[in-house]
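# Results of the structural survey
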Amino acid sequence: MAAKILPVVKFATKVTIAGGALYVAYDSGLLGDSKEGSVTLGRAKAAIPPAVEEWMKYFGFELPATPKIEFSPLDAWNSGVQKSIHALSVTPSTVSDYTKQGLQYVKDLTK
Amino acid sequence: MSEKELGQKWDRCLADCAVKFGTGLGLGIVFSVVFFKRRTWPIVFGTGLGLGMAYSNCQNDLRSRYVLHSKYFSFEQK
């Protein structure tokens, strides 16, 4: 009798786990609007350091402090865009300058 | 839409994209392990679903300024 019920129990457990994961995702607003998603992200960010501390106390060892990286992808991207567009905008005048210089050099050689 | 508002909308879009990507990936992994014998396709499917949801949210958010709100009337020819 146990052998007959076991597959059903296994399937029921699987459905519970998968359904629970789906429900947790839905309930915490991860599947909703973009505003709800950013709220959840903020909550998760705020909840990570205490959780990490709890785990550290439980295991009894210290994680090395994460180094503060002073890199901002936003600033890097913005400055990259500005530099590329500026380079594109000065290309015609730069090219004409170099051409003139080159022609002048060749003229000087033939003099 | 002002520049500031547009920038905020894009920021929300990117954050939402990251959240939905992670959620889709996570749920795909759960389903793959639990139901589909650790095959790859549920993970890819879940990630795709997440990215699709993020795209749709972004689209609605960026369009919301220009959506016309009106009532529809039906006329009958007599």
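Conventions we followed
Residues numbered from 1 in each chain as written. Chains lettered and ligands numbered in written order. Predicted model: local features only at pLDDT ≥ 70, side-chain atom pairs only at ≥ 80, totals over all residues. Heavy atoms only, no water. Axes fitted to C-alpha atoms, helices over the stretch in contact; angles between N-to-C directions. Helix = DSSP H or I, 4+ residues; strand = E, 2+ residues; numbered from the N terminus. Parallel < 35°, antiparallel > 145°, perpendicular 65-115°, else oblique. Contact = heavy atoms within 4.5 Å. Nonpolar A, V, L, I, M, F, W, Y, C, P; charged D, E, K, R; others polar. Phe/Tyr/Trp six-rings, centres within 6.5 Å; stacked < 30°, edge-to-face > 60°. Salt bridge = Lys/Arg side-chain N within 4 Å of Asp/Glu carboxyl O. Buried < 20%, exposed > 50% of the residue type's maximum accessible area, 1.4 Å probe, protein only. pLDDT = per-residue confidence, 0-100. Disulfide = S-S within 2.5 Å. Patch = residues over 30% accessible without salt bridge, like charges linked within 9 Å, V, L, I, M, F, W, Y side chains within 5 Å. Areas by Shrake-Rupley, 256 points an atom, 1.4 Å probe, with all protein chains shown as cover. Lys, Arg positive; Asp, Glu negative; His and termini not counted. Charge placed at Lys NZ, Arg CZ, Asp CG, Glu CD. UniProt positions renumbered as here; feature names shortened; annotations may be inferred.

## A few points about the packing of helix α1 (residues 2–27) of chain A against helix α1 (residues 3–34) of chain B
Orientation of α1 of chain A relative to α1 of chain B, taken along the N-to-C sense of each, is 175 degrees, at an axis distance of 10 Å. With respect to each other, α1 of chain A and α1 of chain B are oriented roughly antiparallel. Contacts from Lys14, Ile17, Ala18, Ala21, Leu22 and Ala25 of chain A in α1 of chain A reach Thr23, Leu27, Val30, Phe31 and Val34 of chain B in α1 of chain B. Its residues placed into classes, the contact of α1 of chain A with α1 of chain B shows 9 nonpolar, 1 polar and 1 charged.

## Concerning the packing of aromatic side chains
On inspection of all chains with the given rule, the structure shows 4 aromatic pairs over all chains. Aromatic side chains Phe31 of chain B and Phe35 of chain B sit 5.8 Å apart centroid to centroid with 45 degrees between the ring planes, which places their arrangement in the tilted category.

## Digging into the pattern of salt bridges
Residue and element names in this part refer to chain B. Counted under the stated rule, the structure contains 5 salt bridges over all chains. The partner of Arg65 in a salt bridge is Glu5, and the shortest N-O contact between them spans 3.7 Å. With a gap of 60 residues between them, Arg65 in the segment after α2 (41–63) and Glu5 in helix α1 connect regions that are remote in the sequence. With relative accessibility at 27%, the residue Glu5 sits in the partly exposed group. Close ionic contact of Asp61 with Lys9 constitutes a salt bridge, the shortest N to O distance being 3.8 Å. With Asp61 in helix α2 and Lys9 in helix α1, this pair connects stretches of sequence that are 52 residues apart. Given the relative accessible area of 6%, Lys9 is considered buried. Members of the salt-bridge network, linked through shared partners, are Lys9, Arg12 and Asp61.

## Re unusual backbone geometry
All names here are of chain B. Phi is positive for Lys37, close to 55 degrees, though the residue is something other than glycine. Positive phi, close to 60 degrees, is recorded for Arg38, a residue that is not glycine. By secondary structure assignment, the location of Arg38 is in the loop between α1 and α2.

## Examining the confidence of the model for chain A
Within chain A, residue pLDDT values average 85, and 95% of them lie at 70 or more. Within chain A, helix α2 (residues 34–59) of chain A has the poorest average pLDDT of any element, 79, and helix α3 (residues 73–110) of chain A the best, 92.

## Some remarks on the state of the cysteines
Residue and element names in this part refer to chain B. Taken as a whole, this structure holds 1 disulfide over all chains when the rule is applied. A sulfur-sulfur separation of 2.0 Å characterises the disulfide bridge that pairs Cys13 with Cys58. Taken together, the residues span a long stretch of sequence, with Cys13 in helix α1 and Cys58 in helix α2 at a distance of 45 residues. Residue Cys13 is classed as buried on the basis of its relative accessible area of 5%. Residue Cys17 stays outside any disulfide, its sulfur separated by 6.8 Å from that of Cys58, the closest cysteine. According to the relative accessible area criterion, Cys17 is partly exposed, its value standing at 30%.

## Brief notes about a positive patch on the surface
A contiguous patch of positive charge on the surface is contributed by Lys10 and Lys14 of chain A together with Lys37 and Arg39 of chain B. Summarising the element assignment, Lys14 of chain A is placed in helix α1.

## A word on the UniProt feature "transmembrane region" (unreviewed entry) in chain B
All names here are of chain B. Within this structure's numbering, the places UniProt gives as "transmembrane region" (unreviewed entry) are residues 12–35 and 41–58. Between the end C-alpha atoms of residues 12–35 there is a gap of 33 Å, over a span that is 96% helix and 0% strand. With 100% helix and 0% strand, residues 41–58 has end C-alpha atoms that lie 25 Å from one another.

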